[in-house]
Structure formats: C-alpha cells, structure tokens
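# Breakdown of the fold
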Amino acid sequence: ASQRNTKDMASHKFWQTQPVPKFEDAMKPVEEGPIKVIDPARVPKEAPPFAVQGFEWDTLDLTDEGQLQEVYELLTHHYVEDDEAMFRFNYSSSFLNWALKAPGWRKDWHIGVRATTSRRLVAFISGIPVSLRVRKNTLSCSEINFLCIHKKLRSKRLAPVLIQEVTRRCYVQGVYQAIYTAGILLPAPVSTCRYFHRSLNWEKLYEVGFSPLPAGSTKQRQIARYKLPKETETPGLRPMETKDVDAVLDLLKRYLSRMDMAQEFSSEEVAHWLVHDEKICPEQVVWSYVVEDANQGGKLTDFFSFYCLESTVIGNTKHPTIRAAYLFYYATETAFTGDQKALKERLNGLMHDALVLAKKANFDVFNALTLLHNPLFLEDQKFGAGDGQLNYYLYNYRANYIQGGVDPKTNK
Ligand code: NHW
C-alpha cells in the first residue's frame, strides 16, 4: 500500500495521456471493454523520425543470428536489475529466439533503435500476437516485452517514444489492445502477483546474497531443509513429446477456462511454448512433463512445465550466474473433481517432482508467482515470499481487478 501511495503522487506525465485506468479507478467495478475506439484511418503509416538526433529506428531481423545476438548483448548488460543492483536478468539467446518468434510473430514488432554512425543497438521493444481472454471476452492482443534502453540513454523520456512506436505498429495491424507486465507500479494493474522462491542450492544462494541465513538457524540446517530426493514419485510421469500436444492442449484449455484472465492457446502455440526444440533453442529453455495413466489407457491426466532464466550476479567471479527455473503452465484433471483436498495433494505431489527434476537439471532456485492454484502448494513445498511483485497491465482495456492467486483456504 505504501508503494502505491508514493507512486500515486507521481504525475505520470506520459501514462496519464494513455488509454489505461487511473489508480483511483482501478478498484471500482466497471463494465469491461476497450477504453478508446481507434480509427484506423488516423493511424500514421510511417514511424516519425526518432526523437533524438544521431539515433534512428531499425526493424530487427531476428532470423539473423547476428541481430539476435545484438539484442542478447543489449539485454545482458542493460535489462532488469533488482533494487540493490545485485542481480540482472540474463535471458539466453535461445530464450529470446523462443519468446520473440512465437507463432504468428511479426518482424515489424521487433523494434530497435541504433546510433546512426556506429550502428550500435541502444534500445529495443517487442511485441508478439496473443489471443487473450479476459473473463468472457477474447481479445486479439499484443504482448509487449523486453523494453530496454542503454544505461547511457536513461531518463531522457525515450521509453514513451518506444512505447508509442510499438503502439502505432500494433494499430497498423488492427491490434488495439495489449498485455504487459512489470515489477514497477504504473497506472494501473489489472492484477498483481507476488514472487515466491524455493531454494534448490541453498548454499550458493546464500553465497551470492540472494538467501539470508535466518536468525537461529545454521548453514547445515538450511542445506538439510532444502534437500530433495534423487527420483520423482508420481507414477507415469515422463517428458512431454510432440505427440502429447493435443491432449495437453485439451487439459490446459479446460483448466485455464476457470481463470479470469488467460491466453487462449492453439495447438501450434502449445507445441511452441512447451515442447523443447533444439532448432529453436540450442540451449534448452523449457522443460515439460506429462503424467500418463496406465490404468486409463494411457490418458494424460496432468502436466507441468518450467523454463530457464538465468540472472547475472553482478561483480561475482565465484558465482557469475544464478540458474533459476520459473514455474510455467500446468494442469491436472484433479482440478475438475471439485475435491479441494485431493487437488492440494495432487499439486503438492506434482510440484515436488518438478523441484526434483529442476534440481537434477542443475537449477539453483525454483520461482513461482501467486497465480493459478499456486498458493495451494507454495508453503508446503518450502517456497518463501520474495520482495518482488509482478504487476499485470492491459493497454486500452478496462477490466475489473483480478485477485492474484487463489486463497488456499477457500480455493477461490
Ligand atoms: S518490464 C521491464 C522493463 N525494462 C527494464 O526495466 C530494463 C531496464 N530499464 C530500462 O531499460 C517488461 C529503462 O529504465 C526503461 C525506462 C526502458 C524501462 N513499462 O525514458 P524514460 C516490459 O518490457 C515509464 C512502462 O525517461 P528510462 C514491458 C515511466 O513510468 N512504462 O525512462 C514494457 C515514465 O512515464 P511516466 C515504463 O528509465 C511495457 C517514462 O517511462 C516502464 O530511461 C511497455 C520514463 O521514460 C516500464 N517498464 O526508460 C508498455 N519503465 O508517465 C507497453 C518506465 O510515469 C504498452 N516507464 O512519467 C502497450 C503498447 C502496445 C499497445 C498496442 C495496442
């Protein structure tokens, strides 16, 4: 609440001009729908000249290894850091290739800014198309991500310039809504989740300053607390393959239909986001597992997935990176039985196995947000609340606030 109050006082010179809800309206019940009707005839067909002399727009071609590498380099040195500047996200080029070339991706939504003379890439913003359901309405949206400005060009009001250009390019395609997330508070989130972290390699997390030694505990006790068995326990658990896509899509669709806001997946998207493909990701980015029930003729009853996102530990030579697994999509038939105790038990079993598999794949920490049914297992699986929050925003769409995550007591 205190964060909101401080930010409330900021004038948000740019955001107050945009079709987004104001803080004071964010919690009021509204009729859901677009904020502004866009007249396609009034959308400029060309980008305006870049706002600062000596710099220019450049649409990147991410099928070109060299240009993908340039985005990787920009983000590796200039993307999101924590408040104390101890860690910085280090998205791998495989990750970027996967995230930026999702089904339906468009080259003109991969927007760069270059220094005119040196050709150096100094800023980037991207969008990919997604079909997003918000309660009963399905929107054809862009998902905006990887907004980044070189540290030397900060605080010059260039972020609004990049945001307006990606907006124009979406409008040109007849896409009038967007979804984006940010750690910072802007006007005004449609939902907010908290990050939870589960140590897999406690000692390393302690040494890099990520995990504290709790008062009254010892290193040995902490290490013992987070110890995991070598093998998984769920019968029928195996890595997901391409042949599982339709069954996983069916399960995922039914599961997500119970949420207030979720992407509407096609089978092409499920294959892209969940099945590891060496051609897209020479370095593995996504791990997905299904549960095949031999007693039900090999029916897939559950699946879960996580992805890899490393962080640079700034200035640490012993441990230059932290390898974090992020819980991604999952679904289970147990969610449809109405038996809440069984659901909690099932999810705990599945997530325990996810931790075992992540540990085996050499991850240091397993992260999850308070969304989906995550609050049913976070505590039991020894996740601890982090300082970070993730705010979800919709551009040009008014929606009633969505509570982040379910209440473990009521499962609502
Ligand atoms: S969030 C990660 C964003 N990236 C980083 O944090 C990387 C490190 N930081 C930087 O590179 C995931 C810079 O600090 C950035 C700001 C570039 C963040 N979202 O140029 P100025 C995403 O990528 C506003 C939105 O002087 P700067 C999602 C800020 O509130 N707005 O700042 C991206 C202020 O406006 P205000 C943000 O530090 C979603 C203005 O920018 C923002 O040099 C984008 C200041 O600009 C953020 N993360 O550069 C929106 N950070 O009104 C998409 C700052 O408050 C919207 N600002 O005065 C939808 C568009 C498509 C619509 C289609 C229908």
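Model, not experiment: these values are computed from the prediction. (Residues numbered from 1 in each chain as written. Predicted model: local features only at pLDDT ≥ 70, side-chain atom pairs only at ≥ 80, totals over all residues. Heavy atoms only, no water.)

### Concerning the nonpolar core
If you look at the biggest cluster of nonpolar residues, it comprises 103 residues, and the most contacted ones within it are Phe 146, Phe 304, Phe 306 and Phe 366. Both domain 1 (2-189) and domain 2 (192-395) contribute no fewer than three residues apiece to this core. Excluding residues that lie within four positions of it along the chain, Phe 304 makes contacts with Leu 237, Trp 287, Ser 288, Tyr 289, Tyr 329, Tyr 330, Leu 350, Met 351, Asp 353, Ala 354 and Leu 357. Grouped together as the second largest cluster of nonpolar side chains are 34 residues, Ile 38, Val 43, Ile 163 and Ala 182 included. (Core = buried A, V, L, I, M, F, W, Y, C linked by side-chain atoms within 4.5 Å. Buried < 20%, exposed > 50% of the residue type's maximum accessible area, 1.4 Å probe, protein only. Domains from an automatic or database assignment. Contact = heavy atoms within 4.5 Å.)

### Some remarks on the confidence of the model for the protein chain
For the protein chain, per-residue confidence averages 94 on the pLDDT scale, and residues scoring 70 or more make up 96% of the total. Considering only residues more than four positions removed or in separate chains, one finds that residues 1-8, a stretch of pLDDT under 50, has nine contacts. Low confidence marks residues 406-412, where pLDDT is under 50. Its contacts with residues over four positions away, or in another chain, come to 14 contacts. (pLDDT = per-residue confidence, 0-100.)

### Some remarks on the pattern of salt bridges
A full pass over the atoms with the stated rule returns 25 salt bridges. For Lys 204, the salt bridge goes to Asp 364, with nearest N and O atoms at 2.8 Å. One end of the pair, Lys 204, is in helix H5 (residues 202-207); the other, Asp 364, is in the loop between helix H9 (340-360) and strand E13 (365-369), and 160 residues separate them in sequence. A single burial state applies to Lys 204 and to Asp 364, both of which are buried. (Salt bridge = Lys/Arg side-chain N within 4 Å of Asp/Glu carboxyl O. Helix = DSSP H or I, 4+ residues; strand = E, 2+ residues; numbered from the N terminus.)

### A look at the environment of Asp 353
Assignment of secondary structure puts Asp 353 in helix H9. For Asp 353, a relative accessible area of 0% gives the class buried. Taking the C-alpha atoms as reference, Asp 353 lies 42 Å from Leu 162; in sequence the two are 191 residues apart. Every residue in contact with Asp 353, bar those within four places of it in the chain, is listed here: Thr 232, Glu 233, Thr 234, Leu 237 and Phe 304.

### What about the site of the ligand?
Around the ligand there are 36 residues in total, and His 12, Trp 15, Leu 147, Ser 155 and Ala 159 lie nearest to it. In the model, a nitrogen atom of the ligand is placed 2.8 Å from a nitrogen or oxygen of the Leu 147 main chain. Here an oxygen atom of the ligand and a backbone polar atom of Leu 158 are 2.8 Å apart. Secondary structure elements with two or more residues in the shell around the ligand: strand E5 (137-149), helix H4 (159-172) and strand E6 (177-182). Here the residues of the shell around the ligand sort into 24 nonpolar, eight polar and four charged. (Near = heavy atom within 4 Å. Polar contact = N/O pair within 3.5 Å; in protein donor to acceptor, adjacent residues only side chain to side chain. Nonpolar A, V, L, I, M, F, W, Y, C, P; charged D, E, K, R; others polar.)

### Here's the deal with the pairing of strand E3 (residues 110-115)
Summarising burial for E3: six of the six residues are buried, a large majority. The side-chain alternation of E3 yields two buried faces, one formed by His 110, Gly 112 and Arg 114 and the other by Ile 111, Val 113 and Ala 115. Pairing between strand E1 (residues 55-59) and E3: five bridges, direction antiparallel. Note on E3: the bridge partner recorded for Phe 55 is Ala 115. Alignment of E3 against strand E4 (residues 121-134), held across five bridges, turns out to be antiparallel. Of the residues in E4, the one forming a bridge with His 110 is Ser 126. Between E3 and the antiparallel strand that follows it, E4, lie five residues; Arg 119 among them carries a positive phi value of about 65°. (Pairing = 2+ DSSP bridges.)

### A short note on the side chain of Asn 90
The residue Asn 90 is located in strand E2 (residues 87-90) in this model. Relative accessible area serves as the criterion here: at 12%, Asn 90 is assigned to the buried category. Only 3.3 Å separates the side chain of Asn 90 from the side chain of Tyr 72, close enough to count as a polar contact. In contact with Asn 90, not counting residues within four places along its chain, are Tyr 72, Thr 76, Leu 309, Glu 310, Ser 311 and Thr 312.

### Remarks on the domain arrangement of the protein chain
You can read the domains of the protein chain as domain 1 (2-189) and domain 2 (192-395). For domain 1 and domain 2, the distance between their C-alpha centroids amounts to 27 Å. Contacts between domain 1 and domain 2 engage 46 residues on the former and 40 residues on the latter. Between domain 1 and domain 2, a total of about 3900 Å² is buried, with carbon and sulfur atoms accounting for 58% of that surface. (Buried area = accessible area lost by both parts, 1.4 Å probe.)

### Here's the deal with the packing of aromatic side chains
Evaluation of the coordinates by the stated rule reveals 34 aromatic pairs. Measuring from ring centre to ring centre gives 5.9 Å for Trp 15 and Tyr 180, while their planes differ by 20°; the resulting arrangement is stacked. Taken together, the residues span a long stretch of sequence, with Trp 15 in the loop between helix H1 (2-9) and E1 and Tyr 180 in strand E6 at a distance of 165 residues. Exposure class is identical for Trp 15 and Tyr 180. Each is buried. Pairing Tyr 91 with Phe 95 gives two aromatic rings, centres 4.8 Å apart and planes at 75°, and the pair type is edge-to-face. In this structure Tyr 91 comes out as buried when scored by relative accessible area, which is 11%. Phe 95 sits in the buried class, given a relative accessible area of 6%. The ring of Phe 363 is capped by Arg 323, whose NZ or CZ atom sits 4.2 Å from the centre of that ring. (Phe/Tyr/Trp six-rings, centres within 6.5 Å; stacked < 30°, edge-to-face > 60°. Lys NZ or Arg CZ within 6 Å of the ring centre and 35° of its normal.)

### With respect to unusual backbone geometry
Glycine aside, the phi torsion of most residues is negative, and most peptide linkages are trans. Of the consecutive residues Pro 187 and Ala 188, the connecting peptide bond is found in the cis state with omega at -25°. Its location among the elements puts Ala 188 in the loop between E6 and strand E7 (191-199). One non-glycine residue with positive phi stands out, namely Arg 157, at about 60°.

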